[in-house]
6 protein chains.
Amino acid sequence: MRPSRRQPDQMRAISFERNVSKHAEGSCLVKFGDTHVLCTASLEERVPPWMRNSGKGWVTAEYGMLPRATGDRMRREASAGKQGGRTLEIQRLIGRSLRAVCNLQKLGENQITVDCDVIQADGGTRTASITGGFVALMDCLLWMQERGMVRASDVAREHVAAISCGLYNGVAVADLDYDEDSSAQADANFVMTGAGGIVEIQGTAEGDPFSEEQFGELFSLARNSIAELVRLQKEALER
Amino acid sequence: MRPSRRQPDQMRAISFERNVSKHAEGSCLVKFGDTHVLCTASLEERVPPWMRNSGKGWVTAEYGMLPRATGDRMRREASAGKQGGRTLEIQRLIGRSLRAVCNLQKLGENQITVDCDVIQADGGTRTASITGGFVALMDCLLWMQERGMVRASDVAREHVAAISCGLYNGVAVADLDYDEDSSAQADANFVMTGAGGIVEIQGTAEGDPFSEEQFGELFSLARNSIAELVRLQKEALER
Amino acid sequence: MRPSRRQPDQMRAISFERNVSKHAEGSCLVKFGDTHVLCTASLEERVPPWMRNSGKGWVTAEYGMLPRATGDRMRREASAGKQGGRTLEIQRLIGRSLRAVCNLQKLGENQITVDCDVIQADGGTRTASITGGFVALMDCLLWMQERGMVRASDVAREHVAAISCGLYNGVAVADLDYDEDSSAQADANFVMTGAGGIVEIQGTAEGDPFSEEQFGELFSLARNSIAELVRLQKEALER
Amino acid sequence: MRPSRRQPDQMRAISFERNVSKHAEGSCLVKFGDTHVLCTASLEERVPPWMRNSGKGWVTAEYGMLPRATGDRMRREASAGKQGGRTLEIQRLIGRSLRAVCNLQKLGENQITVDCDVIQADGGTRTASITGGFVALMDCLLWMQERGMVRASDVAREHVAAISCGLYNGVAVADLDYDEDSSAQADANFVMTGAGGIVEIQGTAEGDPFSEEQFGELFSLARNSIAELVRLQKEALER
Amino acid sequence: MRPSRRQPDQMRAISFERNVSKHAEGSCLVKFGDTHVLCTASLEERVPPWMRNSGKGWVTAEYGMLPRATGDRMRREASAGKQGGRTLEIQRLIGRSLRAVCNLQKLGENQITVDCDVIQADGGTRTASITGGFVALMDCLLWMQERGMVRASDVAREHVAAISCGLYNGVAVADLDYDEDSSAQADANFVMTGAGGIVEIQGTAEGDPFSEEQFGELFSLARNSIAELVRLQKEALER
Amino acid sequence: MRPSRRQPDQMRAISFERNVSKHAEGSCLVKFGDTHVLCTASLEERVPPWMRNSGKGWVTAEYGMLPRATGDRMRREASAGKQGGRTLEIQRLIGRSLRAVCNLQKLGENQITVDCDVIQADGGTRTASITGGFVALMDCLLWMQERGMVRASDVAREHVAAISCGLYNGVAVADLDYDEDSSAQADANFVMTGAGGIVEIQGTAEGDPFSEEQFGELFSLARNSIAELVRLQKEALER
């Protein structure tokens, strides 16, 4: 039995709340159980210097954690004077994942920055950030569509969502929470599209190496979980 | 008439929501209209090196703003590599204000860090942070009281709250929102205790200098507003 | 009796020495007793990027302390790799205070940077910096006037000066030195114009909160002290 | 046909040269074609503070690139004042990969730091670093074994090696060089042990998402390539 | 003729003023013409961690320049976030020069930090800093001697002073000011002891390389200048 | 007898290997015994902002050390977040030395950056860097000459090379290795041209001051050593 008493393939309660920011063009408060991430999408009508006059836009992401989002208070990165390696790694992943489903040509010379700030953490913050970040991005594209700037479905050609799966006591389980993650033998993050295409896979043995068969089980769980997440994203975006 | 159409002495809708963090010993989501600040109070059973073996505790504060809390996205301080002057100034003010009503001797050798993170900004974030930060601090002291560590009312001897008042078109008005703040001739922040004692006053002429009489009007508005804020804090802490 | 044996309303010996820099367009070595601040005003015929083509100029200030200006040697901020919160807070205050009496339109697209470097500290460095910084600024404007660039009195419409007052043993006293400041119950800095207008007020309870009546006494001392400081500034500027 | 004119499953010329450092306890200059990485393993007879008195050792890695290892000169990270996100991500990966095959208990309270410095880059620097870093680590463990400090095969229970595979014109190819990497549709790095266990998988779609079937082909190439790399590592370690 | 109209071997007006700091154990305001450097020597009764329990003391130096010490205002290093290469180079030189004449064993486990802050610059700030820094150091040692902590002449076994010499229009000249330095073909700094021993020589061709004969002329000028500086130091220390 | 058992005037085995980088326009691996420095010269067809439209080019240098180039592993400067004072001092010296023999006018508006990265250190890294850096620079100029961009001998008018000499047991010896350097009483670096002109001299007493006569002996050794180094550079450049 998993510590969370969930079935191996059972995700936590998932919810997406749009329109949570007075200022941002797009926003979404995503919850994977006790992991809560506030995602905002900010539009700027200019692109980074190295993209000027390319006719293309840019989508990028930043990630942060409030100091007491975690069990023990962590030092504020702004006060430490730099973003840690983990933070940089995660925000690069979020950015790549979102860009993988975007047609930057259709965005025009605009930049959308998706900020994913973890209000409360209980494992799976990077997968929640990608999954909620996509909703915030779509929310922003719909805002632009209303103003005749783009057609949202031209820019975001597909949905993208992410899930972490792991091996707990030798069993493949979906959507690890913090306690499960701490004691898992393996942890893999999958980022996939609504059509089942692979955007990114990151699998790591925490202790002993794991086998190809076990990796296959994780993959299979991820495929189903992501299909469900995409269904929930669509529901949220139709509201 | 003020841009907000409020009466000169009318504050925005004020609310305090406790217990908003799974992890923090004390927490409070404070709202002054559209200004929302998440305040968490984190207990550590140790003090800074320069206070060791003094028998006294320490209360400190940190302040931050999510990048898109504001109308235009601001650069993330963690990415810029340092906290700006305004951030440092505000967090020093919050810390001083909270310590002004605390008996650090009664806290024992414990440190409480109050993090005030602005989720959404619409003016008055420093006064909301002090006012909500006090509720988070009390929430933490009550948590400690339940565990027999301190008597909350011994440590926090009084309430403390803060309000900004300003001169708008020559009229003294309470609780400026962002639009009002931007066009005010003067802006003053008052930090006062439940018993009406002065903890901190910061008044600034934005354009022309202002007169002692005008300052007196701001002071008078502040006194009444803070009395009301303290009443609302007490209500929130009794729930 | 105050530690300094001065009367409650008695300031320290105040002096302004102009023309102390071979290079700077304006300069003033200001002394408030043993607090000595070297103020230089540097003219640059350009403004910050965000002000270009506005037709307006800019006045800004920076503040620093030599490492052994103080009783114990303090770490050099350049070596620590950043300016501390106190430094940033003070230099923002000096800049605001000087701009409050300036007509930036009349300055044309020029920037004046007032550097206030504390050569020796004995309390009241920020008020000495504002008071002496104004003399350096005027010295620079007179330099510009001689060259037909501006009319000094058009740019600086009024004098500005500052004083710290505090409560010592329950008595309001003016111009605290370091020892008095360390044991004062309250400390308030007042920045006012020659005409008695309020530019900035910062009052802080060091221990227990203080009353409105006490604040009124501090205010009254400040008003008189600043009038005297402005008289001394004028004397120095006529020499 | 691949730009490099190699067969899809053909790696570049691979070589390991041990004993290339006068000072380091272990060292290896690894070459994957024109990608050259100098790996040194430095022994310190102490562990990081958070591991003291645990009876366990630690293996960690750092990664760097000489400024002109690349086609265009890149800014020196020491001069930029920080390690970039890519650098931090890679050095975390190298460290995790090496620790995955180590028994830290058997290492005793010693720390081994494996520095992987890219002398010349032509794609695949992270996989070359892991593969050559393992040889440097073993070289260091054999140095310790000679001095009776550990038994090398107790600490490093297995070999570990890494390869990048990618999709080029729809075909799965092994060991991408820089030109191939720049135009690949997908890029996946595999870290596996001598016994075929999975240590880490990182797959990324560069353009369109890719399919599970394609991922399977990459995996299959990687399995064979790593078996060959491990054979070459063994040869190098027997010399 | 030199721009300064001095004779080739003529130094600028040199003066040493001791006792210029209320707080520092030793201090000296040194002037080489228009180059003014405030030197303070701060005693701490502890040594850097790497020297603890060695029974020896430490003498170190730091160097800084006020932003408008120079003809054009320079960016404040504290605000830039780091000390520049030139600053680090100069403060290392000052420290080495002072230590070269000190017996650190006789100092006991005390550290003296000599801060050299350039109030006004007109060339030769590093040589003025060494020459004045030595007087501040001696001033501090005499302070310690009065309190029975050391015998000053045991710690500082010899005087040390420094001068810059250069080639101007092919002629060797002593004590270059800023204008001369800017147009000199060669610039050499000599640090020598009262007994004529060489502590440090740094000679640099600014344009074309110079000859050994020319170097010999610079050396000869330096020898005489330093003898004169040492005489003036002694005078100042006897007052 | 010196620790290295070399004759006083005997340098270590010196070698220059050109063409060691696939990417750099010029490169040279220089060895002074066990001191190995990889020098690359990178051409950029633009100059720093402050030189634009001057019609002149720029030659600059950077210096670094691999963490385990030394006997004990040193902290990576990129990870420490800044280049140390020693590094900055050395790279400024290398840049000055190379520019001293260059006609920047003849270079046109191009910048050449010479990176000197110490692969293995055994004393004399700065002199090896200058001597090998010159070969890399020439290698780059010959590359440019082949493409009709410059005439190499117009830009680099002379050779430049460097050697360290020191006093060991009172005897002047050439080309100190690390052990000798650690116990030398004096250490002097000489940078001279092929024609015997002086570019830079840096002499430092490590313990007691040394005499002019001793300095003369060091100078004499340096003159001969540099003549030999220039001969070897020429050989390498003719290959």
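The rules behind the values
- Residues numbered from 1 in each chain as written.
- Chains lettered and ligands numbered in written order.
- Predicted model: local features only at pLDDT ≥ 70, side-chain atom pairs only at ≥ 80, totals over all residues.
- Heavy atoms only, no water.
- Least-squares fit on C-alpha atoms with pLDDT ≥ 70 in both.
- Contact = heavy atoms within 4.5 Å.
- Phe/Tyr/Trp six-rings, centres within 6.5 Å; stacked < 30°, edge-to-face > 60°.
- Buried < 20%, exposed > 50% of the residue type's maximum accessible area, 1.4 Å probe, protein only.
- UniProt positions renumbered as here; feature names shortened; annotations may be inferred.
- Helix = DSSP H or I, 4+ residues; strand = E, 2+ residues; numbered from the N terminus.
- Axes fitted to C-alpha atoms, helices over the stretch in contact; angles between N-to-C directions.
- Parallel < 35°, antiparallel > 145°, perpendicular 65-115°, else oblique.
- Left-handed = near helix turned anticlockwise from the far one by under 90°.
- Pairing = 2+ DSSP bridges.

## Some points on the relation of the copies chain A and chain B
Taken together, a rotation about one axis and a shift along it account for how the two chain copies relate.
Then, number 1: Note on the copies: chain A fits chain B at an RMSD of 0.0 Å, the axial shift is 0.0 Å, and the rotation between them is 180 degrees. The superposition operator between the copies reduces to a two-fold rotation axis. Nearest to the rotation axis, the C-alpha of Ala78(A) is located 1.8 Å from it, this being the minimum over chain A.
Then, number 2: When the interface residues of chain A are mapped onto chain B, 100% of them are again interface residues, pointing to one common binding face.

## Looking at the packing of aromatic side chains
Then, number 1: This structure, assessed with the given rule, holds 39 aromatic pairs over all chains.
Then, number 2: Consider the rings of Trp50(B) and Trp58(B), whose centres lie 5.0 Å apart with planes at 80 degrees: the pair is edge-to-face.
Then, number 3: Taking the relative accessible area as the measure of exposure, Trp58(B) reaches 19% and is therefore buried.
Then, number 4: Feature note: the residues Phe190(A), Phe210(A), Phe215(A), Phe219(A), Phe190(D), Phe210(D), Phe215(D) and Phe219(D) constitute an aromatic cluster, connected by ring pairs.

## Here's the deal with the UniProt feature "binding site: phosphate" (unreviewed entry) in chain A
Residue and element names in this part refer to chain A.
Then, number 1: Mapped onto this structure's residue numbering, the UniProt feature "binding site: phosphate" (unreviewed entry) falls at Arg86, Gly124, Thr125 and Arg126. A stretch of 41 residues holds the annotated residues, and the largest C-alpha distance among them is 13.2 Å, short enough that they meet in one place.
Then, number 2: Along the polypeptide, glycine 124 turns up in the loop between strand S5 (111-120) and helix H4 (125-146).
Then, number 3: Owing to a relative accessible area of 19%, glycine 124 belongs among the buried residues under this scheme.
Then, number 4: Look past the residues within four positions of glycine 124 in its chain and what remains in contact with it is Arg12, Thr35 and Leu176.
Then, number 5: Within the element layout of this structure, arginine 126 appears in helix H4.
Then, number 6: Among residues more than four places away in sequence, those in contact with arginine 126 are Glu89, Ile90, Leu93, Asn189 and Gln202.

## Remarks on the packing of helix H2 (residues 85-100) of chain F against helix H4 (residues 125-146) of chain F
All names here are of chain F.
Then, number 1: Where H2 meets H4, the closest approach of the two axes is 10 Å, and the angle between their N-to-C directions is 40 degrees. The angle between H2 and H4 places the two elements in the oblique class. Considering the relative orientation of H2 and H4, their crossing is right-handed. For the pair formed by H2 and H4, the contact residues are Arg86, Glu89, Ile90, Leu93, Ile94, Ser97 and Leu98 on the first element and Thr125, Arg126, Ser129, Ile130, Gly133, Phe134 and Leu137 on the second.

## Notes on the UniProt feature "domain: Exoribonuclease phosphorolytic" (unreviewed entry) in chain A
Then, number 1: The UniProt entry lists residues 10-140 and 160-224 of chain A under the feature "domain: Exoribonuclease phosphorolytic" (unreviewed entry), expressed in the numbering used here.
Then, number 2: Taken end to end, residues 10-140 of chain A comprises 30% helix and 31% strand; its first and last C-alpha atoms sit 30 Å apart.

## A closer look at the sheet that holds strand S8 (residues 186-193) of chain F
Then, number 1: Reading across the sheet, the eight strands line up as S7(E)-S6(E)-S8(E)-S9(E)-S9(F)-S8(F)-S6(F)-S7(F) and stay open at both edges, with antiparallel pairing between neighbours. The sheet is open, and its two borders are formed by strand S7 (171-174) of chain E together with strand S7 (171-174) of chain F, each paired with just one other strand. On average, each strand axis in the sheet is inclined to that of its neighbour by 15 degrees, with strand direction left out of account.
Then, number 2: Sheet analysis places strand S6 (residues 160-168) of chain F next to S7(F), joined by four bridges and oriented antiparallel. For Gly166(F), the partnering residue across the bridge sits in S7(F) and is Val173(F).
Then, number 3: Helix H7 (residues 212-238) of chain E contacts strand S6 (160-168), S7, strand S8 (186-193) and strand S9 (198-205) of chain E together with S8 and strand S9 (198-205) of chain F of the sheet and is inclined by roughly 145 degrees relative to S6(E).

## Concerning the environment of Cys165(D)
Residues and elements named next belong to chain D.
Then, number 1: Within the secondary structure, cysteine 165 sits in strand S6 (residues 160-168).
Then, number 2: Separated by 67 residues in sequence, cysteine 165 and leucine 98 place their C-alpha atoms 20 Å apart.
Then, number 3: Those residues in contact with cysteine 165 that lie beyond four places of it in its chain are Val173, Ala174, Asp175, Leu176, Ala186, Asp187, Ala188, Phe190, Leu218, Leu221 and Ala222.

## Describing the sheet that holds strand S2 (residues 26-32) of chain D
All names here are of chain D.
Then, number 1: Across the sheet, which stays open at both edges, the five strands sit in the order S1-S2-S3-S5-S4 with mixed pairing between neighbours. Both edges of this open sheet fall to strand S1 (14-18) and strand S4 (58-65), since each of them pairs with a single strand only. Here the average twist between neighbouring strands, direction ignored, is 20 degrees.
Then, number 2: Contacts from helix H2 (residues 85-99) reach S4 and strand S5 (111-120), with the element oriented near 145 degrees to S4.
Then, number 3: On top of the sheet, helix H4 (residues 125-146) reaches S1, S2, strand S3 (35-44), S4 and S5; it is set at about 35 degrees to S3, its chief contact.

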